[in-house]
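Observations on the three-dimensional arrangement
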Amino acid sequence: MPKIVDLIKQQLELLETLQTQLETELHLISSRDADALTTLLADKSSTLDKLAAQDQLIEKTYSDDQADGQSVEADELFEKARKLVEQCKYRTEINAKAVEQGQLRLEHLRNLLLEARARESMTYDKSGKPKGGSSSKGVSA
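This section reports on the structure supplied with the text.

Between its first and last C-alpha, helix α3 (residues 72-120) extends 72 Å over 49 residues, near the 72 Å set by a 1.5 Å rise per residue. Considered for burial, the residues of α3 that qualify are Ala74, Leu77, Phe78, Ala81, Leu84, Cys88, Asn95 and Gly102.

This is the structure we're talking about:
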């Protein structure tokens, strides 16, 4: 069975990969590259699955090794992993805010386009007041 230290080192590599993916994700969000973002999200999902599997393996090995005592090196690696997880959480929050801001900008642009379209189709009634809608009468049966 692999040693706990080796398992944590593998976990750290996966966390560093995730951190890099999150940085790339932010760049792709800001550049609005949907195709590359979709590919990255699939890769990120795979990395998260690997992290979850590694967590389960570490948990099992850790509980088995708990009776034998734990090394100082393992404690240090656990602390490093916790810090990386916190950094990944922070980057995820930043990415979520970037997506939210992008959606707000799109919604604002959509509203501007709808207002412009409404102004273009504006007509006036008999008294000279502005009236929205098309200038055609339509078909009546």
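With that out of the way, let us pick up the nonpolar core. Judged by nonpolar contacts, the single largest core of 17 residues is most densely connected at Ile4, Ile8 and Ile58. Counting only elements with at least two residues in this core, the list comes to α1 (4-31), α2 (34-66) and α3. Sort the elements by how many residues they give to this core and α1 lands first, with nine residues.

Within the secondary structure, lysine 44 sits in helix α2. A distance of 3.1 Å separates the side chain of lysine 44 from the side chain of glutamate 25, its partner in a polar contact. Setting aside its immediate chain neighbours within four residues, lysine 44 contacts Leu18, Gln21, Leu22 and Glu25.

This part takes up α1. Look at α1: 41 Å from first C-alpha to last across 28 residues, which is about the 40 Å you get at 1.5 Å a residue. Just downstream of α1 lies arginine 32, where phi reads positive at about 60 degrees.

On to the pattern of salt bridges. Per the stated rule, a full pass over the model turns up five salt bridges. For glutamate 79, the salt bridge goes to arginine 82, with nearest N and O atoms at 3.4 Å. Of this pair, glutamate 79 and arginine 82 are both found in helix α3, three residues apart, which corresponds to roughly one turn of the helix. Using a relative accessible area of 38% as the deciding quantity, one classes glutamate 79 as partly exposed. Taking the shortest distance from any N to any O, the salt bridge between lysine 89 and glutamate 86 comes out at 3.8 Å. Here lysine 89 and its partner glutamate 86 are both found in helix α3, three residues apart, which amounts to about one turn of the helix.

Our focus in this paragraph is the side chain of glutamine 11. Position of glutamine 11 relative to the elements: it lies in helix α1. Within the structure, glutamine 11 has its side chain in polar contact with the backbone oxygen of leucine 51 (distance 3.5 Å).

What counts and what doesn't
Note on numbering: residues in each chain are counted from 1, in written sequence order. Only residues with pLDDT of at least 70 are given local features in this predicted model, and only at 80 or more are side-chain atom pairs given and counted; all residues enter the totals for whole chains, interfaces and linings. Derived side-chain values reflect all non-hydrogen atoms in the structure, with water molecules and hydrogen atoms excluded from consideration. Counting from the N terminus, the helices are the DSSP runs of H or I reaching at least four residues and the strands are the DSSP runs of E reaching at least two. Helix span is expected to be 1.5 Å times the residue number reduced by one. For every residue, the accessible area obtained with a 1.4 Å probe (protein chains only) is divided by the maximum for its type, and the residue is called buried under 20%, exposed over 50%, and partly exposed between those limits. As used in this record, nonpolar core signifies buried Ala, Val, Leu, Ile, Met, Phe, Trp, Tyr and Cys residues forming a set joined through side-chain atoms within 4.5 Å. As used in this structure description, the phrase polar contact means that two N or O atoms lie within 3.5 Å; if the pair is within protein, one of them must be able to donate a hydrogen and the other to accept it, and residues adjacent in sequence are counted only when both atoms belong to side chains. Only heavy atoms enter the contact rule, under which two residues are in contact if any of them lie within 4.5 Å. A pairing counts as a salt bridge when a side-chain nitrogen of Lys or Arg comes within 4 Å of a carboxyl oxygen of Asp or Glu.

All quantities given are derived from atomic positions and should not be read as evidence of function.
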